[in-house]
Protein chains: 2
Amino acid sequence: MTDASAPAPSQVRLSLASAVRPSADGSFDAEASAEWTIAGRPSGGYLLAIMGRAAAAITEPAQVVACSAHFLRSPSTGPVEVRTEVLRRGRSVSQVRVGMSQGGRACVEALMTTSILSGDDVARFDGGVPVLQPVPFQDGTRLAPMSPDGFRVPMLDQVDMRLDPECSGVTQGKPTGRGRLSGWIELLGEEGFDPVSLLYAVDAFPPATIDTSVLSWAPTVELTAYIRAVPAPGPVRILTRARLVSAEWVDETCDVWDVTGRLVAQASQLAKVPSG
Amino acid sequence: MTDASAPAPSQVRLSLASAVRPSADGSFDAEASAEWTIAGRPSGGYLLAIMGRAAAAITEPAQVVACSAHFLRSPSTGPVEVRTEVLRRGRSVSQVRVGMSQGGRACVEALMTTSILSGDDVARFDGGVPVLQPVPFQDGTRLAPMSPDGFRVPMLDQVDMRLDPECSGVTQGKPTGRGRLSGWIELLGEEGFDPVSLLYAVDAFPPATIDTSVLSWAPTVELTAYIRAVPAPGPVRILTRARLVSAEWVDETCDVWDVTGRLVAQASQLAKVPSG
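Everything in this summary refers to the structure shown in the same document. (Residues numbered from 1 in each chain as written. Chains lettered and ligands numbered in written order. Predicted model: local features only at pLDDT ≥ 70, side-chain atom pairs only at ≥ 80, totals over all residues. Heavy atoms only, no water.)

Remarks on the overall build of chain A
- When helices and strands are tallied, chain A shows four helices and 16 strands.
- Computed over its C-alpha atoms, the radius of gyration of chain A comes to 18 Å, within 12% of the 19 Å expected for a compact globule of 276 residues.
- When the backbone C-alpha atoms are referred to their principal axes, chain A occupies close to 50 × 45 × 40 Å.
- Out of the 276 residues in chain A, the part that is buried amounts to 60%.
- Partitioning the intrachain contacts of chain A with sequence separation of at least 6 by distance along the chain shows that 66% fall at a separation of at least 24.
- Accessible surface computed for chain A: about 10700 Å², of which carbon and sulfur atoms make up 52%.
- For chain A, the distance from the average position of its 24 positive side-chain charges to the average position of its 30 negative side-chain charges is 4 Å. (Helix = DSSP H or I, 4+ residues; strand = E, 2+ residues; numbered from the N terminus. Rg over C-alpha atoms; globule rule 2.2 N^0.38 Å. Buried < 20%, exposed > 50% of the residue type's maximum accessible area, 1.4 Å probe, protein only. Contact = heavy atoms within 4.5 Å. Areas by Shrake-Rupley, 256 points an atom, 1.4 Å probe, with all protein chains shown as cover. Lys, Arg positive; Asp, Glu negative; His and termini not counted. Charge placed at Lys NZ, Arg CZ, Asp CG, Glu CD.)

Description of the interface of chain A and chain B
- Between chain A and chain B, the residue contacts involve 58 residues of the former and 58 residues of the latter.
- Both sides of the chain A and chain B interface together cover about 5100 Å² of buried area, and 55% of this is carbon and sulfur.
- When the area that chain A buries against chain B is broken down by residue, the three leading residues are Arg124(A), Phe125(A) and Arg243(A), summing to 15%.
- For the interface between chain A and chain B, the tally reads four salt bridges.
- The interface formed by chain A and chain B includes 37 residue pairs in polar contact (both at pLDDT 80 or more).
- Of the residues in the side of chain A that touches chain B, the class split is 26 nonpolar, 17 polar and 15 charged.
- Of the strand pairs in this sheet, strand β14 (residues 236–246) of chain A and strand β9 (residues 123–125) of chain B are connected by two bridges, and their pairing is antiparallel. (Buried area = accessible area lost by both parts, 1.4 Å probe. Salt bridge = Lys/Arg side-chain N within 4 Å of Asp/Glu carboxyl O. Polar contact = N/O pair within 3.5 Å; in protein donor to acceptor, adjacent residues only side chain to side chain. Nonpolar A, V, L, I, M, F, W, Y, C, P; charged D, E, K, R; others polar. Pairing = 2+ DSSP bridges.)

Details of the packing of aromatic side chains
- Applying the stated criterion across every chain, the model contains six aromatic pairs over all chains.
- When the centroid spacing of 5.9 Å and the interplanar angle of 75° are considered together, the rings of Phe137(B) and Trp184(B) count as edge-to-face. Of the two residues, Phe137(B) is situated in the loop between β9 and β10 (141–142) and Trp184(B) in strand β12 (residues 180–187); the sequence distance between them amounts to 47 residues. You'll find Phe137(B) and Trp184(B) in the same group, each marked buried.
- Feature note: the residues Trp36(A), Tyr46(A) and Tyr200(A) constitute an aromatic cluster, connected by ring pairs.
- When the ring centre of Trp249(A) is taken as reference, the NZ or CZ atom of Lys272(A) above it lies at 5.2 Å. (Phe/Tyr/Trp six-rings, centres within 6.5 Å; stacked < 30°, edge-to-face > 60°. Lys NZ or Arg CZ within 6 Å of the ring centre and 35° of its normal.)

Brief notes about helix α2 (residues 44–58) of chain B
- Given a rise of 1.5 Å per residue, 15 residues ought to cover 21 Å, and the 22 Å separating the end C-alpha atoms of α2(B) matches this to within 8%.
- For α2(B), the tally of buried residues reaches 13 of 15 residues, placing the bulk of the element in the interior. (Expected span 1.5 Å × (residues − 1).)

Quick look at the relation of the copies chain A and chain B
- When chain A is fitted onto chain B, the two copies agree to an RMSD of 0.0 Å after a turn of 180° and an axial shift of 0.0 Å. Those values place the two copies in the arrangement expected of a two-fold rotation axis. Taking C-alpha positions as the reference, the residue of chain A nearest the rotation axis is Ser68(A), at 3.0 Å.
- Here 100% of the contact residues of chain A are again contact residues in chain B; the copies associate through an equivalent surface. (Least-squares fit on C-alpha atoms with pLDDT ≥ 70 in both.)

Considering the pairing of strand β11 (residues 159–163) of chain A
Residue and element names in this part refer to chain A.
- In terms of burial, β11 is a largely internal element, five of the five residues being buried.
- A two-sided burial pattern is seen for β11, the buried positions comprising Val 159, Met 161 and Leu 163 on one face and Asp 160 and Arg 162 on the other.
- Pairing geometry for strand β10 (residues 141–142) and β11, over two bridges, is antiparallel. When the sheet's bridge partners are listed, Thr 141 is paired in β11 with Leu 163.
- Relative to strand β12 (residues 180–187), β11 runs antiparallel, the two sharing five bridges. In the sheet register, Met 161 faces β12, and the bridge partner there is Ile 185.

Some thoughts on the environment of Pro75(B)
Residues and elements named next belong to chain B.
- On the secondary structure map, Pro 75 appears in the loop between β5 (63–71) and β6 (78–89).
- You can call Pro 75 buried: its relative accessible area is 0%.
- When the C-alpha positions of Pro 75 and Cys 107 are compared, they lie 6.1 Å apart, and in sequence the two are 32 residues distant.
- Sequence-distant contacts of Pro 75, that is, excluding residues within four places in its chain, are made with Arg 41, Pro 42, Leu 47, Val 80, Met 100, Gln 102 and Cys 107.

Here we look at the side chain of Thr224(A)
- Within the secondary structure, Thr224(A) sits in strand β13 (residues 220–227).
- Relative accessible area serves as the criterion here: at 2%, Thr224(A) is assigned to the buried category.
- Here Glu222(A) takes part through its side chain, which lies 2.6 Å from a polar atom of the side chain of Thr224(A).
- Among the polar contacts listed, one links the side chain of Thr224(A) to the side chain of Thr224(B), at a separation of 2.7 Å.
- Excluding residues that lie within four positions of it along the chain, Thr224(A) makes contacts with Cys67(A), Ser68(A), Gln266(A), Ala267(A), Ser268(A), Ser68(B), Glu222(B) and Thr224(B).

Side note on unusual backbone geometry
- With an omega of 5°, the peptide bond running from Glu60(A) to Pro61(A) counts as cis.
- Summarising the element assignment, Pro61(A) is placed in the loop between α2 (44–58) and β5 (63–71).
- Positive phi is not limited to glycine here, since Asp25(B) has a value of about 55°.
- Take Asp25(B): its relative accessible area is 80%, and that puts it in the exposed class.

Observations regarding the pairing of strand β7 (residues 93–102) of chain B
Residue and element names in this part refer to chain B.
- Across the 10 residues of β7, 10 count as buried, placing the element largely inside the fold.
- With burial as the criterion, each face of β7 is covered, one bearing Val 93, Gln 95, Arg 97, Gly 99 and Ser 101 and the other bearing Ser 94, Val 96, Val 98, Met 100 and Gln 102.
- Looking at chain direction, β6 and β7 are connected through eight bridges and run antiparallel. Bridge pairing links Thr 84 to Val 98 in β7.
- Between β6 and β7, which pair antiparallel and follow one another directly, the connecting turn spans three residues.
- As defined by bridge partners, β7 adjoins strand β8 (residues 105–115) across 10 bridges and the pair is classed as antiparallel. Bridging across to β8, Gln 95 finds its partner in Thr 113.
- Remark: two residues form the turn of the hairpin made by β7 and β8, two consecutive strands paired antiparallel; Gly 103 in that turn has positive phi of roughly 60°.

The values reported here are purely geometric and, on their own, carry no functional implication.
Next comes the structure, spelled out in structure tokens:
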């Protein structure tokens, strides 16, 4: 199969693809776009961006600073409903329950804390933040929207996702064995990321387990993200690391920096290793 | 003030202090014990242990493997209500919403994933797990239940909590500046920890920020824990690390190993730096 047989990709910017429309009583309608999918299913982080827009809207002018999500079942592309309930509305911090469902079936449940992220909230201690070697965006290997065997990943037409040279061997099935992937993500057609679209960024990279020799992919059960700052315009720098892979469960972390080198998001996720 | 003026501590084991009694419709009654407090308020991790018992009971025979909690307000000691709702009941994995309230006011909201933790789920990759130098339990400095100025921390009469020599300077106000605390926790009067009481362990240590020079304490807004294995009997080894402290938010991680050196729990938390 060649590229010529595939439909020309249409550009659907994340800010539009994650938009929510208020319906009633703290509920919102949204549309899970077919252009933000992998293997026919919407990216998990993309779903969190939709849910994050609803949480931010209901606690306006706040932004999501903490998001803890449990994935029950993957929705299909198409209409989804997002229901919010403000659990506590505080002067500087609010807490919201957010659920995404489709056709009356619960798909993703989350708790989100929102607050106002000020631009001048500088780091006073960062001794626990991983150090990532600088690699220019243009030196990365872009993940192709179309694999050599004709398998199209629509999401990769919407972003320019690049692996650093030191880990790009995974694209040829050559892991380093360290369980670490680093690189860049740029949102095509957008100036950059905002705090909510960082919820997409923390789950966008391939799983760090593909850089081990023991596991390729496992479905995410839980994902927690902390948004630490409003990112500067431009692409973001990503580091994902597998921590512990057992026969049944695997966890990995993701750290995200903006182009100025500021840490803007941190996340961890737990996934269930497929049995048999 | 001397020890003689304080009431003799009574031993209330964590397994009893975190017990839940089914009331109706997935709800449970519990009692937040005055013996598991710091500064008059129940320890956050202790509250999660109560909530975890309810989640495990409603999805029996499962154990909590992932817990994401948002803290709305601290309950007083005394009766609390725990309400559970099973969001998805699967063959091997279930997902539960768990809320703790007191007098009708929501205190802690959580989402928990439960499953059966098998004892033979060995690590296939652990390249992302921090390495902690071995320090024998008896070499640690025990945190005293009564501070020199007569301030009693009831929880420290229920556990033997010890800091490794390399970081025990924090007890004399001498941080290393690295933002790392390591040591041990033993539950007095119990054989050891079970998966649910590990939810207490991940939040029991003093905040790692006291080993920096920029911040002492901040109230936890979000805490996520992954329980990776059933711990062997005995005390557990703890490592907490501050990651990024900004003017408004701080996050830290906690890793827990059992006496055999097996990683049994991992957690991260986000806290709001007090303003002014």
